[in-house]
Amino acid sequence: MKPEFKIVPVSCHKTFNKLREDTDVTIALAGNPNVGKSSIFNSLTGMGVETANYPGTSVDVHVATTALNGTRIGIFDLPGTYALGAVSEDQWVARTGVLEGNPDVVVIVLDATNLARNLYLALQFMELGYPVVVALNVYDVAKREGRDIDVKKLSRLLDAPVVPTVANRGEGLKELIAAAVRAAGSGRRPEPPDTRFGQDVERRVQELTAAIAAAGLKDPHDLPYRAMALLLLENDQEYIGLTKAMPGWEPILELAAGLRRQIEAEHGQPASIRIAGERHGLAGIIASEVETAETDRQISWGERLWRYTTGPVTGVPVLLGVLGIIFVLMYFAGNGLADLLSNAWEGYVLPPVQSGLFAVIGKNAVSQSLMWIPDGFEAALTVGVPFVLVFYFVLAFLEDSGYLNSVAFLTDAVMHRFGLHGRAMIPIVAGAGCNVPAIMGTRVLTTLRERVIAGTLIVMVPCSARTAVIFGAVAFYAGWEAALGLYAIVLALWVLAGLGLNRIMPGKSTGLVMEMFSFRRPHFKTVVKKTWFRFKGFVLMAAPILIIGSLALGALYASGYLFDLVRPLSPVMEDWMGLPAVAGLALVMGILRKELTLQMLVLLAIGMGASKGVEHNLNLIMTNSQLFVFALVTAIYIPCAATITALGKELGWSRTALISGFTIGLAVLVGGLANQMFRLFG
Amino acid sequence: MPKVITQAVEEYLEAIYKMSLEGPVIAARLAERMKVSPPTVADMLRRLTENGLVQVSRRHGVHLTRQGQQAAETLVRRHRLWERFLTDVLGLDWDEVHEEACKLEHAMSPQVEEKLADILGHPDTCPHGFPIPGTKGARKREREAVPLSNLCVGDEGVIERVAEEEPKLLQYLATLGLFPDARIQVKEIAPFRGPMLVRVAGSQYALGQEVASKIMVKGK
């Protein structure tokens, strides 16, 4: 298998077309969330992955190519879902993705430890008429749990190849891909396998199927008649809309509505629910036919850990402990890595670049502006890389272990007050390290409303760079009590913002519905791969912004225009917040990276005659209370350039502008109020 | 004392009726459900008390009097009959009828109610499976099922129905295996009125309290 490397984020439609042109066989990878589907995808394809996205959704479809014995294979990885349908974003993307992608074969990854529920999705894909190959994953765990699955019988019942796999060890994957290529040759099957529902529902499905066949309705995606009948009986609004474009649709829809009502009248539940129930029933029967499980199972360590991490007495201390560890790791490991990288950069890269540049074009405004590009790189190296890398690693580790489940479960009640649910807790905590990965982490939230609230709240969490400013400007000069007070103010504002957003944002929060998994031993290779995958995404997004921003700001600074630009700020800066005008300059620079604000102040102090290297001299330009106001404003006002970019990508630019505007307004308001308080009470 | 039952009064009675099936009715929760401020609810409760429709006590919360119970049941009966009519006769879809019935239930005389029940052949339940008051054993059937959120750790039951207000949630839960007749067991409840951990077939799910209160469960 030879992975290829290319990265072109584009729309799904184009990606699929290109994939079909470039390869001999296309495979769709499907499965429930958390069944090891991504491990299979990653092992099959290596690192060369394209990411496609349907506009307006946060769910990605990953696309990659590989090869087996000279056959070029294109694989697309559908989002992990429990079903295909239109009730949630991931289900919709999975369905639309498979219909548009029109793969030659669908590989469905099933969790061997939870066969019945997993078979539901497999049955849905078979209804759609795709040749299916089943990967029976975590086969080893199922065995250890005392489940014996008759693979041959399952294959016979489903009329599809079944390959046992252990994805994180790479077992069975070669066989899987070979089986998929073989099945792809069979072409799309005209009739789905013999899946039959309970008699009264089945009768109506068949009646409608026959009517559709007789009317000769033609589906644009070549769906089998039975699949069409089921979608209509399920009252799928999107598909009903699609049907209305087919000639001869009217009597069919009428018949479907009538049959739907019959099912509803007989069962006292909507036809779609009844059909879901029938599918679950069928899946359950198949599972019980092939599986013999030992029932007397001991409580595993995973379950015991779950109990400790969610119990009322132990859960909260464990959570605080873990959060503390994350914070310490981010702080020390992140800072250590940052020092290492910046020393290396300043010691070995910067000097030759600088002398080279000055030698070629001389020491002037142009070369000094250009020097901001390597400086921008240094910013990326010292802010982005270390903290983001450490955080992604910790996140991947916690995800893989299953602890995030416990956290979501434990904190759901509290997060509810902010219109969020438990899953938002981790990205918010992550914000204390760096806002950028935290914002990208809000993808776990299902609605746009939740993502907007979480995004705003994350921006208001002081990241490590802002922490550095607070420590350097406040704790260092005015003592730790003052720094603590500043944190208290930020925390209070944060809670108020959360409560307020929940009130004013239209819509209401969705309740928590989430599958829970027990703890697992994290798999190191998976953790590293996940970390790398996300980290790559971050670098690709943030690096250009940092470089372009550095250049622009550098040009403004070197040419002296920056001073003209910040001059209009002086009424706000001087009169309202009581800060010297030069502080405005520092704050503008801080948009690029927050700790620049402090560095600028130090530079300015040096410029005013303070001896170099002694930070004590900040008092030359500001009093302690001014420093407090300054740090407070720095902690709240506009997120840094990289964060703004991340927000823009996740929430859209107008919402990003709103959030940024809100934080600037809040910072000015609070900074001014603090200044007035200092004036009144000394 | 004037005995005019306005539409607003009717809606309060209906809400109290439904909430009392889930447990003791507290004024603050009533305010949340009706989406009004607590003082508004206090006002209305005073009015309802004066009209002899409810009793409010510090200990037991809000209770319907006999008369109030009757008025509420009439209303719920009309609502559910209308839902039946809208689906069975007019052929509207399941997820549309609740809203429509909310409007229709208030403008109806006992005579029309009677005729409507005749036409429909005196059904027992509304299309969503809820018993229609006034039919045989309706009260017992209504009380048999309790919201999942009322269960304790270790309790087991069978899902009877899922509240109809949110068809998408209903559908989503069904794909997870949380559909009528499925067995469900409460494994754990998170602290601070947090979510419940439930087991259905081979899977475990965390359900927020809000979601859990919409799933009606019957004892095994």
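Quick caveat: nothing in here was measured; it's all calculated off a predicted structure.

## Quick look at the overall build of chain A
Step number 1: Of the regular secondary structure elements, chain A holds 30 helices and 10 strands.
Step number 2: Against the compact-globule benchmark of 26 Å for 682 residues, chain A has a radius of gyration of 29 Å, which places it among compact chains.
Step number 3: By its C-alpha atoms, chain A is 90 × 55 × 55 Å across when sized along the principal axes.
Step number 4: Taking the intrachain contacts of chain A between residues at least 6 apart in sequence as the baseline, contacts between residues at least 24 apart amount to 75%.

## Points about the overall build of chain B
Step number 1: From N to C terminus, chain B includes nine helices and eight strands.
Step number 2: Radius of gyration (C-alpha) of chain B: 18 Å, near the 17 Å computed for a compact globule of 220 residues.
Step number 3: Counting only C-alpha atoms and orienting by the principal axes, one finds that chain B spans roughly 55 × 45 × 30 Å.
Step number 4: Taking all 220 residues of chain B together, the buried fraction comes to 40%.

## Points about the pairing of strand S1 (residues 54-57) of chain B
A regular strand places its side chains on the two faces of the sheet in alternate fashion.
All names here are of chain B.
Step number 1: Sheet topology note: the S1/strand S2 (residues 61-64) ladder contains four bridges and is antiparallel. Bridge pairing in S2 places Val54 opposite Leu64.
Step number 2: Hairpin remark: S1 followed by S2, antiparallel, with three residues in the connecting loop.

## Considerations on the interface of chain A and chain B
Put simply, an interface is often sized by how much accessible area is lost when its parts join up.
Step number 1: The interface is formed by 39 residues belonging to chain A together with 37 residues belonging to chain B.
Step number 2: Two elements, strand S10 (residues 513-515) of chain A and strand S7 (residues 203-207) of chain B, share three bridges in a ladder whose sense is antiparallel. Within S7(B), the residue paired with Glu515(A) across the bridge is Tyr205(B).

## Here we look at the environment of Gly216(A)
Residue and element names in this part refer to chain A.
Step number 1: Structurally, Gly216 is set in the loop between helix H8 (199-215) and helix H9 (225-233).
Step number 2: On the basis of neighbour count, Gly216 is assigned to the exposed category, with 10 C-beta atoms found within 10 Å.
Step number 3: Distance in space between the C-alpha atoms of Gly216 and Ile149 is 42 Å, their sequence separation being 67 residues.

## Regarding the environment of Lys136(B)
All names here are of chain B.
Step number 1: For Lys136, the position within the fold is in the loop between helix H6 (110-120) and helix H7 (138-144).
Step number 2: You can call Lys136 exposed: it has 10 C-beta atoms within 10 Å.
Step number 3: The spacing of Lys136 and Asp124 is 12 residues in sequence and 7.6 Å in space, taken between C-alpha atoms.

## Examining the sheet that holds strand S4 (residues 156-162) of chain B
Backbone hydrogen bonds hold the strands of a sheet together, and the pairing may be parallel or antiparallel.
Step number 1: Across the sheet, seven strands lie side by side as S10(A)-S7(B)-S6(B)-S5(B)-S4(B)-S8(B)-S3(B); this open sheet has antiparallel pairing. Here the strands that pair on one side only, and so sit at the sheet edges, are S10 of chain A together with strand S3 (145-147) of chain B. Adjacent strand axes in the sheet meet at a mean angle of 40°, parallel and antiparallel pairs treated alike.
Step number 2: Note: S4(B) against strand S5 (residues 183-189) of chain B, three bridges, orientation antiparallel. Following the sheet pairing, Gly157(B) is matched in S5(B) by Ile184(B).

## Observations concerning the confidence of the model for chain B
Residue and element names in this part refer to chain B.
Step number 1: Mean pLDDT for chain B: 84, with 96% of residues reaching 70 or above.
Step number 2: Across chain B, the element-wise mean pLDDT spans from 76 in H7 up to 91 in strand S6 (residues 196-200).
Step number 3: Both scores are available for the predicted complex, with the pTM at 0.76 and the ipTM at 0.75.

## As for unusual backbone geometry
All names here are of chain A.
Step number 1: Notably, Asn102 is not glycine yet its phi reads approximately 40°, a positive angle.
Step number 2: Topologically, Asn102 is positioned in the loop between helix H3 (89-101) and strand S5 (105-111).
Step number 3: According to the C-beta neighbour criterion, Asn102 is partly exposed, with 15 such atoms within 10 Å.
Step number 4: One non-glycine residue with positive phi stands out, namely Asn235, at about 60°.
Step number 5: Checked against the element boundaries, Asn235 lands in the loop between H9 and helix H10 (237-243).
Step number 6: Of the residues examined, Asn235 has 21 C-beta atoms within 10 Å and is grouped as buried.

## Thoughts on the packing of helix H13 (residues 301-310) of chain A against helix H17 (residues 403-416) of chain A
Residues and elements named next belong to chain A.
Step number 1: Look at H13 against H17: their axes get within 9 Å of each other, and the N-to-C directions meet at 35°. Handedness of the crossing formed by H13 with H17: right-handed. Packed against H13, whose contacting residues are Trp306, Thr309 and Thr310, the element H17 presents Tyr403, Ser406, Phe409 and Leu410 at the interface.
Step number 2: Looking at the contact of H13 with H17, its residues break down into four nonpolar, three polar and no charged.

## Comments concerning the pairing of strand S8 (residues 215-219) of chain B
All names here are of chain B.
Step number 1: Examined bridge by bridge, S3 and S8 share three bridges and lie antiparallel to one another. In the strand pairing of S8, Pro147 is matched with Met216.
Step number 2: Bridge analysis of S4 against S8 gives five bridges, and the strand direction is antiparallel. Across the sheet, Ile159 pairs through a bridge with Val217, a residue of S8.

## Description of H6(B)
Since one α-helical turn is 3.6 residues long, residues separated by three or four positions face the same way.
Step number 1: Counted residue by residue, H6(B) has zero buried out of 11 residues, so it is predominantly exposed.
Step number 2: Looking one or two residues beyond H6(B), the residue adopting positive phi is Gly121(B), at roughly 75°.

## Quick look at the environment of His98(B)
All names here are of chain B.
Step number 1: Note that His98 resides in helix H5 (residues 94-104).
Step number 2: Overall, the presence of 20 C-beta atoms within 10 Å leaves His98 in the buried class.
Step number 3: His98 sits 16 residues away from Trp82 along the chain, and the two C-alpha atoms are 8.9 Å apart.

Reading guide: rules and limits
- Residues numbered from 1 in each chain as written.
- Chains lettered and ligands numbered in written order.
- Predicted model: local features only at pLDDT ≥ 70, side-chain atom pairs only at ≥ 80, totals over all residues.
- Helix = DSSP H or I, 4+ residues; strand = E, 2+ residues; numbered from the N terminus.
- Rg over C-alpha atoms; globule rule 2.2 N^0.38 Å.
- Contact = placed C-beta atoms within 7 Å.
- Buried ≥ 20, exposed ≤ 12 C-beta atoms within 10 Å, placed from the backbone.
- Pairing = 2+ DSSP bridges.
- Axes fitted to C-alpha atoms, helices over the stretch in contact; angles between N-to-C directions.
- pLDDT = per-residue confidence, 0-100.
- Left-handed = near helix turned anticlockwise from the far one by under 90°.
- Nonpolar A, V, L, I, M, F, W, Y, C, P; charged D, E, K, R; others polar.

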